[in-house]
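These are the residues of each chain, in order.
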Amino acid sequence: MSSAVERFGDGTAFVTGGAAGIGEGFVRHLAAIGMRVVIADVNLPAAQKLADELVEAGRRATAIELDVTSADQVDRIARQMFEDYGSVELLINNAGVENAGLLWEVTPARWKQVMDINVDGVFYGIHSFVPLMIEAGKPAVIANLSSVGGVGSAPVQAPYMVSKHAVLALTECLYQEVALVGAPIQVSAVLPHSIRSQIFLAARRDAPSANPVANGVFDAMQAANVATGLDPVEAAEHMTEAIARGDFWIFSDDLICRESTSRRATQLADLTPPPDPRVMLDRMGIDPIGVGLSA
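Just so it is clear, the model here is predicted, and its values are computed rather than measured. (Residues numbered from 1 in each chain as written. Predicted model: local features only at pLDDT ≥ 70, side-chain atom pairs only at ≥ 80, totals over all residues. Heavy atoms only, no water.)

Let's shift gears to the confidence of the model for the protein. Averaged over every residue, the pLDDT of the protein is 95; residues scoring 70 or more account for 97%. Counting contacts from residues 291-295, a segment whose pLDDT is below 50, to residues more than four positions away or on other chains yields 9 contacts. (pLDDT = per-residue confidence, 0-100. Contact = heavy atoms within 4.5 Å.)

The following block contains the structure:
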């Protein structure tokens with residue numbers, strides 16, 4: 001029996017952004033190991049469709065509409081979870097969005113939207129669930145979705161990169177504060193690498209960029225995501241086992257993610273500037289002067 005089944009099998013999980021991508025992978029895997037899974041997503045029809053499929057397969061799943069940018073809504077639903085189930089053993093703050101474009105081309109409204117979802121949404125989850133977890137007095141886990149981008153940098157993704165650095169810092173502080181008060185809550189930072197999802201396509205749809213370099217980068221990342229991205233359920237299984245072991249650092253691909261943290265550590269230790277972005281663009285076959293994809 002896996003450590004995840006032993007630790008979480010009969011508990012309740014709450015997954016934000018659970019109707020698609022990495023969140024859906026977690027939902028499917030957690031339901032498969034026996035957890036009661038609450039699929040919290042702004043897209044209620046998609047969440048309900050997934051919940052219905054899981055219930056039909058004999059799993060325990062419930063869909064709930066949630067906009068993580070609303071502190072009041074997150075708080076109300078958190079209280080509802082504890083009223084309905086008595087405890088939440090695993091909170092996965094997963095909801096997030098990407099963005100393509102140079103910093104000075106990103107609209108203030110889109111910048112705020114990315115921060116509202118990616119950073120404030122995690123904070124609201126912590127703010128609402130932690131007091132209830134402490135009051136319940138049962139062992140619980142909070143896993144916050146940062147990214148390998150949270151230990152690096154890249155051009156034309158600044159809002160996303162900034163948000164994931166913020167989530168990692170927030171999670172490290174939460175880890176220390178939970179320890180300070182002696183609460184029975186494990187805190188983990190999840191740093192996925194490349195897991196198959198629609199995140200790049202959604203960014204292009206919801207906040208289109210006129211910059212050919214930014215679009216070329218996102219086209220290349222989407223193609224790589226389709227070609228080599230990890231299956232969301234398989235990635236979730238790997239990450240859930242690490243969470244169940246009690247790890248703080250949770251990676252989707254141990255080798256690639258460790259390489260990312262090592263590069264960041266070396267950069268900070270040696271006080272070197274960020275990497276030359278032209279190297280990345282050349283590897284992707286993108287003309288850095290803005291012509292677009294090279295021949």
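Moving on: the pairing of strand β5 (residues 140-145). With 6 of 6 residues buried, β5 lies mostly within the body of the structure. On β5, burial covers both faces: Ala140, Ile142 and Asn144 on one face and Val141, Ala143 and Leu145 on the other are all buried. Looking at chain direction, strand β4 (residues 90-93) and β5 are connected through 4 bridges and run parallel. Looking across to β5, one finds that Asn93 is bridged to Asn144. Between the parallel elements β4 and β5, the chain passes through helix α5 (residues 108-136) in a crossover that is right-handed. (Buried < 20%, exposed > 50% of the residue type's maximum accessible area, 1.4 Å probe, protein only. Helix = DSSP H or I, 4+ residues; strand = E, 2+ residues; numbered from the N terminus. Pairing = 2+ DSSP bridges. Right-handed = clockwise from strand over helix to strand, strands pointing away.)

It is worth spelling out empty space enclosed by the protein at this point. Under the counting rule described, the total for this entry stands at 2 cavities of 30 Å³ or more. Estimated volume of the largest cavity: approximately 80 Å³. Around the largest cavity sit 14 residues that line it, and Thr16, Val68, Asn93, Gly121 and Gly125 are the ones nearest its centre. Those elements that place two or more of their residues in the lining of the largest cavity are β1 (12-16), β4 and α5. When the residues that make up the lining of the largest cavity are grouped by side-chain class, the tally is 9 nonpolar, 5 polar and no charged. One number sums up the size of the second largest cavity: a volume of about 30 Å³. Split by residue class, the lining of the second largest cavity holds 6 nonpolar, 1 polar and 2 charged. (1 Å grid on protein atoms, 1.4 Å probe; cavity = no way out; pocket = protein on both sides within 12 Å on 5 of 7 lines; lining within 4 Å. Points joined across faces, edges and corners; volume = space filled by probe spheres on them. Nonpolar A, V, L, I, M, F, W, Y, C, P; charged D, E, K, R; others polar.)

Turning to the layout of surface pockets, a few remarks are in order. Each pocket or cavity is described by its volume, and for the second largest pocket that value is around 170 Å³. Residue assignment for the lining of the second largest pocket shows that the elements contributing at least two residues are α9 (232-245), β7 (249-251) and α10 (254-270). Looking at which element gives the most residues to the lining of the second largest pocket, the answer is α9, with 4 residues. Of the residues in the lining of the second largest pocket, the class split is 3 nonpolar, 2 polar and 5 charged.

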